Amino acid sequence: MASAAQWFEGSRPRTYPNAIAPVIAGTGAAGWVADIVWWKAALALVVALALIIGVNFANDYSDGIRGTDDVRVGPMRLIGSKVATPKSVKAAAMTALAVAGIAGLVLALTSAWWLILVGLACIVAAWYYTGGRNPYGYSGFGEVSVFVFFGLVAVLGTQFVQAEKVDWVGFLAAVAVGCYSSGVLVANNLRDIPTDTESGKVTLAVRLGDNRTRVLHTALVAIPSLASLALIAATPWALLGLISVPLAYKANAPVRTGAVGPALIPALALTGLAMLLWSIGTAAGLLLA
């Protein structure tokens with residue numbers, strides 16, 4: 001029986017910035033065009049956090065029953081470490097996704113009905129990342145999905161439910177957050193190239209190979225700074241997003257210097273923190289304008 005601490009670790013807290021950052025950025029973008037609706041921002045955060053926890057437990061379940069996590073370089077997995085049963089992890093995933101669905105339904109019913117379809121797409125994407133017979137995460141599309149759902153959908157959705165519109169400022173913020181969020185997964189999959197190759201998990205990193213994956217991570221953590229420069233057209237205060245540059249540079253250090261295995265783990269956490277810092281700085285800048 002897994003302890004509470006093991007369940008928390010199994011939820012992969014290092015990925016929480018992927019859920020928190022888009023809500024912060026989207027709320028800043030909403031405040032740029034209208035008044036912030038704080039209760040909707042809070043519900044959007046519930047949706048995002050529940051989704052990412054659901055994705056992580058679903059990934060633990062699907063990889064665990066396939067044996068992909070039997071040999072791990074990174075943090076503990078519940079099934080792979082044999083501290084929890086597949087049934088209990090699947091139930092945790094379903095519970096988290098249900099919470100996301102309920103919170104998302106409230107937002108949809110108080111904003112626009114078609115958001116229900118967006119929410120359903122998010123839940124389906126969460127499960128079939130590594131679930132089902134042909135998981136798209138095993139075919140190299142994980143980073144694209146993260147960019148779309150934890151970048152474009154999360155940021156623009158947060159902006160829309162509060163401001164009832166989206167604009168180019170929200171779009172640039174969504175692209176920046178999506179790049180950072182994808183960068184977290186790229187760093188993770190770069191670390192796991194040897195074990196994923198052995199287990200038959202064909203991630204984008206496996207397809208690209210070690211060198212090109214490192215180039216991709218460098219590009220992904222650089223693009224948000226270019227977005228900050230473009231946002232000067234909205235307000236010079238958007239340059240506050242550049243406070244993330246030192247952390248992004250540090251996050252990329254293990255990648256560009258050729259680190260492998262556990263030495264790449266800091267790149268995951270620091271990329272996520274750089275994303276969070278960029279979102280805080282940018283949101284503050286938009287609200288100060």
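Every value quoted in this text rests on a predicted model; they were computed, and no experiment measured them. (Residues numbered from 1 in each chain as written. Predicted model: local features only at pLDDT ≥ 70, side-chain atom pairs only at ≥ 80, totals over all residues. Heavy atoms only, no water.)

1. A few points about the overall build of the protein chain
To be explicit about the condition: In this text, helices come from DSSP runs of H or I with a minimum length of four residues, and strands from runs of E with a minimum of two, each type numbered from the N-terminal end. Using C-alpha atoms as the atom set, the radius of gyration is obtained and then compared with a globule rule of 2.2 Å times the number of residues to the power 0.38. Contacts are residue-level and defined by heavy atoms, with any inter-residue pair within 4.5 Å sufficient. When charges are counted, Lys and Arg contribute as positive and Asp and Glu as negative, whereas His and the chain ends are disregarded. Where a charge sits is defined by one atom per residue type, namely NZ (Lys), CZ (Arg), CG (Asp) or CD (Glu).
Along the backbone of the protein chain there are 12 helices and 0 strands. Reading the protein chain from its N terminus to its C terminus gives the helix and strand order α-α-α-α-α-α-α-α-α-α-α-α. Taken over the C-alpha trace, the protein chain has a radius of gyration of 18 Å; the compact-globule value for 289 residues is 19 Å, and the two agree within 12%. Reported as C-alpha extents along the three principal axes, the dimensions of the protein chain are approximately 50 × 45 × 30 Å. Residue pairs at least 24 apart in sequence account for 76% of intrachain contacts in the protein chain once pairs closer than 6 positions are excluded. Across the protein chain, the centroid of the 18 positively charged side chains sits 2 Å from that of the 13 negatively charged ones.

2. Considering helix 11 (residues 245-256)
In plain terms, the rule: Here the expected span of a helix is defined as 1.5 Å times the quantity of residues minus one. Buried means the residue's accessible area, taken with a 1.4 Å probe over protein chains only, is under 20% of the maximum for its type, while exposed means over 50%, and partly exposed covers the values in between. The directions from the helix axis to the C-beta atoms are what the arc is built from.
The first and last C-alpha atoms of helix 11 sit 15 Å apart over 12 residues, in line with the 16 Å expected at 1.5 Å per residue. Inspection of helix 11 places A248, A251, N252, P254 and V255 among the buried residues, and these make up the whole buried set. Relative to the axis of helix 11, the buried residues are bounded by an arc of 150 degrees and lie together on one face. Exposed side chains of helix 11 directed beyond 90 degrees from the buried face belong to P246, Y249 and K250.

3. A word on the packing of helix 3 (residues 38-66) against helix 5 (residues 115-128)
Where we set the bar: Whenever a helix is involved, its axis is fitted only over the stretch in contact; in every case the axis is a line through C-alpha atoms, and angles between N-to-C directions fall within 0 to 180 degrees. Angle categories: roughly parallel below 35 degrees, roughly antiparallel above 145, roughly perpendicular from 65 to 115, and oblique for all the rest. In this classification, the charged set is Asp, Glu, Lys and Arg, the nonpolar set is Ala, Val, Leu, Ile, Met, Phe, Trp, Tyr, Cys and Pro, and all remaining amino acids, among them Gly, are polar.
Running from amino to carboxyl end, helix 3 crosses helix 5 at an angle of 30 degrees, the nearest separation of the two axes being 8 Å. Judged by the inter-axis angle, helix 3 sits roughly parallel to helix 5. Facing helix 3, whose interface residues are L51, V55, A58 and Y61, helix 5 presents C122, I123, A126 and W127. Partitioned by chemical class, the residues of the contact of helix 3 with helix 5 number 8 nonpolar, no polar and no charged.

4. Regarding unusual backbone geometry
Peptide bonds are mostly trans, and most non-glycine residues show a negative phi. Look at R12: it is not a glycine, yet its phi comes out positive at around 60 degrees. Tracing the chain through its elements places R12 in the loop between helix 1 (4-10) and helix 2 (17-33). A positive phi angle, near 60 degrees, is found at K82, a position not held by glycine. Here K82 shows up in the loop between helix 3 and helix 4 (86-109). For K82, a relative accessible area of 69% gives the class exposed.

5. Some words on the state of the cysteines
What counts is decided by this rule: For this text, the term disulfide refers to a pair of cysteine sulfurs within 2.5 Å.
Throughout the structure, instances matching the rule amount to 0 disulfides. No disulfide involves C122; its sulfur sits 18 Å from the nearest other cysteine sulfur, which is in C179. Looking at C122, the relative accessible area reads 11%, which means it is buried. The class for C179 is buried, based on a relative accessible area of 5%.

6. Overview of the packing of helix 4 against helix 5
How we decide: Handedness of a crossing follows from how the near helix is turned relative to the far one, being left-handed for an anticlockwise turn of less than a right angle and right-handed for a clockwise one.
Their axes nearest at 9 Å, the elements helix 4 and helix 5 cross at an angle of 165 degrees. In this view, helix 4 runs roughly antiparallel relative to helix 5, as classed from their interaxial angle. Viewed along their axes, helix 4 and helix 5 form a crossing whose handedness is right-handed. Two secondary-structure elements touch here, helix 4 through K90, A93, M94, L97, G101, L105, L107, A108 and L109 and helix 5 through L115, I116, I123, A126 and W127. Classifying every residue of the contact of helix 4 with helix 5 by side-chain character gives 12 nonpolar, 1 polar and 1 charged.

7. Remarks on the nonpolar core
Just so we agree on the cut-off: We define a nonpolar core as any set of buried Ala, Val, Leu, Ile, Met, Phe, Trp, Tyr and Cys residues linked to one another through side-chain atoms lying within 4.5 Å.
In this structure, V47, L51, I52, L107, L115, A126 and F150 are the most contacted members of the largest nonpolar core, which totals 26 residues. Where this core is concerned, the elements lending two or more residues are helix 2, helix 3, helix 4, helix 5 and helix 6 (142-163). Looking at this core element by element, the count peaks at 8 residues for helix 3. Sequence-distant contacts of F150, defined by excluding residues within four places in its chain, comprise N18, P22, A48, L51, I52, S145, V177 and S181. One finds A174, A234, M275 and L286 within the second-largest nonpolar core, a separate group that totals 21 residues.

8. Here we look at the environment of V215
The residue V215 is located in helix 10 (residues 210-230) in this model. Judged by relative accessible area, which is 56%, V215 ranks as exposed.

9. Comments concerning the environment of W237
The topology assignment puts W237 in the loop between helix 10 and helix 11. The class for W237 is partly exposed, based on a relative accessible area of 44%. Excluding its chain neighbours within four sequence positions, the residues that come into contact with W237 are G285, L288 and A289.

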